[in-house]
There are 2 protein chains.
Amino acid sequence: MVSSRGGRPRRKRAGQYHHGDLRRALIDQALRTIDKHGVEGLTLRAVGEALAVSRTALYRHFSDKQSLIAAVAREGFRTLRLDLLAAWAREGHGEAGFQAMGQAYLAFAVARPSHYRVMFGRFVESKACDPELVQEAEGAFQALVDAVVAQQREGLVRRDDPVMLARFVWSVVHGIAMLTIDGQLPPDDGAPGRLSRYASERLRAAVAVE
Amino acid sequence: MVSSRGGRPRRKRAGQYHHGDLRRALIDQALRTIDKHGVEGLTLRAVGEALAVSRTALYRHFSDKQSLIAAVAREGFRTLRLDLLAAWAREGHGEAGFQAMGQAYLAFAVARPSHYRVMFGRFVESKACDPELVQEAEGAFQALVDAVVAQQREGLVRRDDPVMLARFVWSVVHGIAMLTIDGQLPPDDGAPGRLSRYASERLRAAVAVE
DNA sequence: ACCTGAACACCGTTCAAGT
DNA sequence: ACCTGAACACCGTTCAAGT
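Residues numbered from 1 in each chain as written. Chains lettered and ligands numbered in written order. Predicted model: local features only at pLDDT ≥ 70, side-chain atom pairs only at ≥ 80, totals over all residues. Heavy atoms only, no water.

Colleague: Help me understand the relation of the copies chain B and chain A, please; the structure alone is not making it clear to me.
Modeller: In summary, the two copies of the chain are related to each other by a rotation about an axis coupled with a shift along it. Of the two same-sequence chains, chain B is brought onto chain A (RMSD 0.0 Å, axial shift 0.0 Å) by a rotation of 180°. Considering both components of the superposition, the chain copies are consistent with a two-fold axis. Among all residues of chain B, the minimum C-alpha distance to the rotation axis is found for B:Gly175, at 1.8 Å. Comparing interface residues between copies, 100% of those in chain B also sit at the interface in chain A, which points to an isologous, same-surface contact. (Least-squares fit on C-alpha atoms with pLDDT ≥ 70 in both. Contact = heavy atoms within 4.5 Å.)

Right, here's the structure in full:
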């Protein structure tokens, strides 16, 4: 995180350049704003102001606002992938590890709902234009596929097409994540937690051998 | 649909009022715009222009843009509920009916992705402010719960808490819907269709008795 | 190369004024 | 009651100009 001391906009002397990794600073600041105020609260002018930089300085590093948002989404998929792999490894690459992956996934979405929404919400139109984003998203999904294949080898889950099976699991977990962060479950009720436990149990039954 | 002939903005004579059900016309026009250009493409100015009305006429019927969007979301939940009930009834209130509900749900989302996104996407902050929207959303969910209870009576699905079971099913179907309309499945591949068939089969296993 | 400020074409919303 | 146009405070983006 490249931040000014105390999080305040830096005082700027005339004629001075940013002279740091402005690209990095822009992404970090955008992420901070998105986490705090959502994507719809993200303005390039405010980002520039927070970094004590002109509101058009950004165009040296990003072609437009969408491309900045895409960079934020990319970071999200990267963090998500690392979280998933850590959970899977921590619990020993088996049934428990798979369940931990699900929990890690939901924990990510609940901790950073706005960030999660940016990753999936079609804020980047035609992702064909951002192959790095597609690649990062596929990397996160691959962690799930790998875990499925590993369990198939151990005879822990049925031997269907692992990609299809992983997509099914992803749907469940993504569905719960979205319903939770979009406030579709009764609030202040522990509903998300109970649903995720129940879903985990039913999901295990769905992917069981025979 | 209250439309001008040919879909063109109507010519307007000076001093003339709209004198129809402007509220209704505003919702229809907003829905049309959202379906065509997404929520982010919705501007109150364009809505007014399309209806040959001042861009502030809207404020007589809605407190702000959000409240117009909320009305569109409400319509969506109503249509979704009717679609679900029709599918359930058409296939005879059993296993086939339940599967048809799932297909109807996905068909709705795929046919009107932007509308579907508006229904769930937190465009209305703090839905407590729009109790009618909450009510309509709950109505759609209730159709699902009722179908679960009916199947439990027939011994077709396990006798867990029907609300919890319905939330689980909803998660799966909502997850597939979102991944599909957000372009997270490989395009031009029939992947959404195959996933939905596979998920339907696995889901049946997940909710089966014993 | 990297940054700047003025300018342009947009927004949602408010409000005094009209019928 | 319902509608209007001007005005206000915002946007993202472009561009000639600076270092």
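And the narrative resumes.
Colleague: Where do I start with the domain arrangement of chain A in this structure?
Modeller: One frequent convention defines the size of an interface as the accessible area lost when the parts assemble. Residue and element names in this part refer to chain A. Segmentation of chain A into domains returns domain 1 (12-63) and domain 2 (65-207). Centre-to-centre, using C-alpha coordinates, domain 1 lies 29 Å away from domain 2. Area buried by domain 1 at its contact with domain 2 is led by Ile34, Val39 and Phe62, which between them contribute 33% of it. Inspection of the domain 1/domain 2 interface yields one salt bridge. Linking Glu75 and Arg24 is a salt bridge whose minimum nitrogen-to-oxygen distance equals 2.9 Å. There are three residue pairs in polar contact (both at pLDDT 80 or more) connecting domain 1 and domain 2. Take the side of domain 1 that touches domain 2: its biggest share by element is eight residues, from helix α1 (residues 22-37). (Domains from an automatic or database assignment. Buried area = accessible area lost by both parts, 1.4 Å probe. Salt bridge = Lys/Arg side-chain N within 4 Å of Asp/Glu carboxyl O. Polar contact = N/O pair within 3.5 Å; in protein donor to acceptor, adjacent residues only side chain to side chain. Helix = DSSP H or I, 4+ residues; strand = E, 2+ residues; numbered from the N terminus.)

Colleague: Got a minute to help me understand the interface of chain B and chain A in this structure?
Modeller: Listed per partner, the contact involves 36 residues of chain B and 36 residues of chain A. At the junction of chain B with chain A, the criterion picks out zero salt bridges. Joining chain B to chain A, the criterion identifies six residue pairs in polar contact (both at pLDDT 80 or more). Contributing elements (two or more residues each) for the side of chain B that touches chain A: α5 (113-120), α7 (162-181) and α8 (191-207) of chain B. At 13 residues, α7(B) tops the list of elements feeding residues into the side of chain B that touches chain A. The residue makeup of the side of chain B that touches chain A, split by class, is 20 nonpolar, six polar and ten charged. (Nonpolar A, V, L, I, M, F, W, Y, C, P; charged D, E, K, R; others polar.)

Colleague: So what exactly am I meant to see when it comes to the packing of helix α3 (residues 65-90) of chain A against helix α6 (residues 131-153) of chain A here?
Modeller: The relative placement of two packed helices is expressed as an angle between their axes plus a distance between the axes. Residue and element names in this part refer to chain A. Contact geometry for α3 and α6: axes closest at 7 Å, N-to-C directions at 15°. Considering their axes alone, α3 and α6 lie roughly parallel with respect to each other. The interaxial crossing formed by α3 with α6 has left-handed handedness. Between α3 and α6, the contacting residues are Ala70, Ala73, Arg74, Phe77, Arg78, Arg81, Leu84, Leu85 and Trp88 on the first element and Glu132, Leu133, Glu136, Ala137, Gly139, Ala140, Ala143, Ala147, Ala150 and Gln151 on the second. In terms of residue class, the contact of α3 with α6 is built from twelve nonpolar, two polar and five charged. (Axes fitted to C-alpha atoms, helices over the stretch in contact; angles between N-to-C directions. Parallel < 35°, antiparallel > 145°, perpendicular 65-115°, else oblique. Left-handed = near helix turned anticlockwise from the far one by under 90°.)

Colleague: Teacher, can you tell me more about the confidence of the model for chain A here?
Modeller: Scored by pLDDT, chain A has a mean of 89; 89% of the residues are at 70 or more. Ignoring residues within four places in sequence, the model shows residues 1-15 of chain A, a span with pLDDT below 50, making 15 contacts including any to other chains. (pLDDT = per-residue confidence, 0-100.)

Colleague: Help me understand the pattern of salt bridges, please; the structure alone is not making it clear to me.
Modeller: Where charged atoms from two side chains of opposite charge approach closely, those side chains can pair. Residue and element names in this part refer to chain A. Summed over the entire model, instances satisfying the criterion amount to 20 salt bridges over all chains. Measuring nitrogen to oxygen at the nearest pair gives 3.6 Å for the salt bridge that ties Arg74 to Asp130. Of this pair, Arg74 sits in helix α3 while Asp130 is found in the loop between α5 (113-120) and α6, placing the two residues 56 residues apart along the sequence. Both residues of the pair, Arg74 and Asp130, belong to the buried class. In this structure, a network of salt bridges that share partners links the residues Arg24, Asp28 and Glu75. (Buried < 20%, exposed > 50% of the residue type's maximum accessible area, 1.4 Å probe, protein only.)

Colleague: Hey, could you run me through unusual backbone geometry in this one?
Modeller: Excluding glycine, residues mostly have negative phi values, and the peptide bonds linking residues are mostly trans. The phi angle at A:His93 is positive, at roughly 50°, despite the residue not being glycine. Residue class for A:His93 comes out partly exposed when judged on its relative accessible area of 45%.

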